[in-house]
Amino acid sequence: LMRDHLAMQSFEKRILLPGIRISLNDVRSYYKEHEADFALPEILDVCLISAVESQLVDAFCSAFASGRPTGNEPSENLMAQCQEVSAAQLPSNWQKKAEKLAPGQCAAPVQEDGRWYGLALKERNAAHIMGMTEAYPLIENILQQQRKDAAFESWLTTTLGRARVRVNPNLMADLLTPPSARPSMRDDGPGDTS
């Protein structure tokens with residue numbers, strides 16, 4: 001697999017990429033055509049907390065609000081999972097609570113199925129549209145991949161057009177006989193029940 005991967009990288013570098021050029025005008029055109037794709041939703045950096053006792057959630061929130069290390073190490077009594085999500089990715093019952101939180105605050109814990117659950121907001125990143133300078137490397141990668149795919153198709157068509165295909169004589173009968181016309185294969189070896 002490694003050899004195949006390196007061979008493919010070498011092929012791209014030597015055959016496909018030398019003919020690919022992406023200009024600033026190409027990037028600008030793509031950005032104007034796909035500007036809606038660069039609209040980012042509000043992103044929340046949150047911690048979802050789960051504990052067997054409400055005091056553990058409260059202790060987590062107290063440490064969180066004061067800026068002390070939160071002790072995110074999972075244990076059987078307390079679990080805290082911190083991640084960046086859009087508000088829509090939160091469970092519906094937490095979405096309204098998250099709207100009311102300021103960074104550094106926790107929502108009041110709720111009990112469900114014998115455990116206590118809490119939500120802490122680390123940071124709120126406002127929705128925005130990526131500017132062209134921020135989107136430039138993404139667009140460059142997209143355009144490069146599109147052009148690389150087109151270059152490969154062109155190379156393959158040209159190469160196959162000049163190729164000589166040789167078939168091993170022992171395989172020719174199988175290759176030229178349609179599958180529906182081939183005799184069914186039977187297993188006459190050990191374990192055959194016919």
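Residue numbers restart at each chain and count upward from 1, following the sequence in its written direction. In view of the model being predicted, local features appear only for residues whose pLDDT reaches at least 70, and side-chain atom pairs are presented and counted only at 80 or more, with totals across whole chains, interfaces and linings using the full set of residues. With hydrogens and water stripped out, all remaining heavy atoms of the structure feed into the side-chain values.

Draft legend 1. Just the pattern of salt bridges, in detail. Salt bridges are defined by distance alone: a side-chain nitrogen of Lys or Arg within 4 Å of a carboxyl oxygen of Asp or Glu. Scanning all chains against the criterion turns up three salt bridges. Residue D26 is joined to R147 by a salt bridge in which the shortest nitrogen-to-oxygen separation is 3.1 Å. With D26 in helix α2 (residues 24-33) and R147 in helix α5 (residues 132-162), this residue pair connects regions lying 121 residues apart in the sequence. Remark: exposure states derive from per-residue accessible area (1.4 Å probe, protein chains only) relative to the maximum for the residue type, with buried under 20%, exposed over 50%, and partly exposed in between. Judged by relative accessible area, R147 falls into the partly exposed class, the value being 29%. A salt bridge links R124 to E42; the nearest nitrogen and oxygen atoms lie 3.3 Å apart. Helix and strand assignments follow DSSP, with helices taken as H or I runs no shorter than four residues and strands as E runs no shorter than two, numbered in order from the N terminus.

Draft legend 2. Up close: the side chain of S50. With respect to the helices and strands, the residue S50 is situated in strand β2 (residues 43-51). At a separation of 2.6 Å, a polar atom in the side chain of S50 contacts the side chain of R115. Excluding anything up to four places from it in sequence, S50 contacts N77, L78, M79, R115, W116 and Y117. Polar contact criterion, stated in full: a pair of N or O atoms within 3.5 Å, where within protein one must be able to donate a hydrogen and the other to accept it, and residues adjacent in sequence count only if both atoms are side-chain atoms. We call two residues in contact whenever any of their non-hydrogen atoms come within 4.5 Å of each other.

Draft legend 3. Up close: the packing of α2 against α5. Throughout, an axis means a line fitted to C-alpha atoms (over the contacting stretch in the case of helices), and angles, computed between N-to-C directions, take values from 0 to 180 degrees. Relative orientation of the contacting elements α2 and α5 amounts to 100 degrees, with a least axis distance of 9 Å. Taken as axis vectors, α2 and α5 run roughly perpendicular relative to one another. When α2 is examined against α5, the residues L24, D26, V27, R28, Y30 and Y31 are found in contact with a partner set consisting of M132, A135, Y136, I139, I142, L143, Q146 and R147. Residue polarity follows a fixed list, in which Ala, Val, Leu, Ile, Met, Phe, Trp, Tyr, Cys and Pro are nonpolar, Asp, Glu, Lys and Arg are charged, and the others, Gly among them, are polar. Tallied by class, residues from the contact of α2 with α5 come to ten nonpolar, one polar and three charged. The cut-offs work like this: below 35 degrees is roughly parallel, past 145 is roughly antiparallel, 65 to 115 is roughly perpendicular, and the gaps in between are oblique.

Draft legend 4. Geometry of α5. Multiply 1.5 Å by the residue count of a helix minus one, and that product is the helix's expected span. Along its 31 residues, α5 runs 43 Å from first to last C-alpha, staying within 8% of the 45 Å computed at 1.5 Å per residue. The largest bend along α5 reaches roughly 30 degrees and is located at L138. For α5, the full list of buried residues reads A135, I139, L143 and K148. On the buried face of α5, the contacting elements are α1 (2-16) and α2. Consider a residue and the seven residues that end there alongside the seven that start there; fitting an axis to each set, the bend is the angle between those axes.

Draft legend 5. Examining the packing of α1 against α5 more closely. In contact at an axis separation of 11 Å, α1 and α5 are set at 85 degrees when each is read in the N-to-C sense. One finds that α1 runs roughly perpendicular with respect to α5. Between α1, through F11, E12, I15 and L16, and α5, the contact on the second element is made entirely by K148, A151, F152 and W155.

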